[in-house]
Amino acid sequence: MEGLKNIMEDDVEEQLNRLLPTMPNICSCEICRLDMATYALNRLKPNYVRTNTGALFHKVNTSSTQAKTEILTAVVTAINVIGAHPHHD
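Conventions adopted
- Residues numbered from 1 in each chain as written.
- Predicted model: local features only at pLDDT ≥ 70, side-chain atom pairs only at ≥ 80, totals over all residues.
- Heavy atoms only, no water.
- Helix = DSSP H or I, 4+ residues; strand = E, 2+ residues; numbered from the N terminus.
- Buried < 20%, exposed > 50% of the residue type's maximum accessible area, 1.4 Å probe, protein only.
- Contact = heavy atoms within 4.5 Å.
- Areas by Shrake-Rupley, 256 points an atom, 1.4 Å probe, with all protein chains shown as cover.
- Phe/Tyr/Trp six-rings, centres within 6.5 Å; stacked < 30°, edge-to-face > 60°.
- Lys NZ or Arg CZ within 6 Å of the ring centre and 35° of its normal.
- Salt bridge = Lys/Arg side-chain N within 4 Å of Asp/Glu carboxyl O.

Participant: I would appreciate a short explanation of the overall build of the protein chain in the present structure.
Facilitator: Helix and strand counts for the protein chain come out as four helices and two strands. Going residue by residue from the N terminus, the α and β elements of the protein chain occur as β-α-α-β-α-α. Relative to its 89 residues, the protein chain shows a buried fraction of 30%. In the protein chain, once contacts between residues fewer than 6 apart in sequence are set aside, the share between residues at least 24 apart is 82%. Carbon and sulfur atoms form 55% of the exposed surface of the protein chain, whose accessible area is close to 6,100 Å².

Participant: Even after reading the chapter, I still don't get the packing of aromatic side chains, so can you show me in this structure?
Facilitator: Given two aromatic rings, their pairing is described by the distance between the two centres and the angle made by the two planes. By the definition in use, this model includes zero aromatic pairs. Positioned above the aromatic ring of Tyr39 is the side chain of Arg43, whose terminal nitrogen or guanidinium carbon lies 3.5 Å from the ring centre.

Participant: Just checking my understanding: could you explain the pattern of salt bridges for this structure?
Facilitator: Two side chains of opposite charge can pair, provided their charged atoms sit close to one another. Summed over all chains, the structure comprises two salt bridges. Note that Glu9 is salt-bridged to Lys5, the shortest N-O span being 3.4 Å. Look at Glu9 and you get partly exposed, because its relative accessible area is 36%. Assessed through its relative accessible area of 32%, Lys5 is described here as partly exposed. The shortest N-O distance in the salt bridge between Asp10 and Lys5 comes to 3.3 Å. Overall, the relative accessible area of 30% leaves Asp10 in the partly exposed class. The network of salt bridges with common partners includes Lys5, Glu9 and Asp10.

Structure representation (structure tokens):
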């Protein structure tokens, strides 16, 4: 549906962009990145917004240490799981 966005996607992508360069032994091709994002997003509560105000509200809500830790944990787990079993040769 046009105009809706799961803003959690941005948070997961940001963490992948930050962490993957520090892990040279983990494949970071587009297929693996998408698999990692999918894995993490399926373990996080979705947060849909339709306006910039909604996106700003999300940023305020996810600025807590607990929210950041949940996102980071989901992304690190995704990197470890997909990195160990990539869906390609």
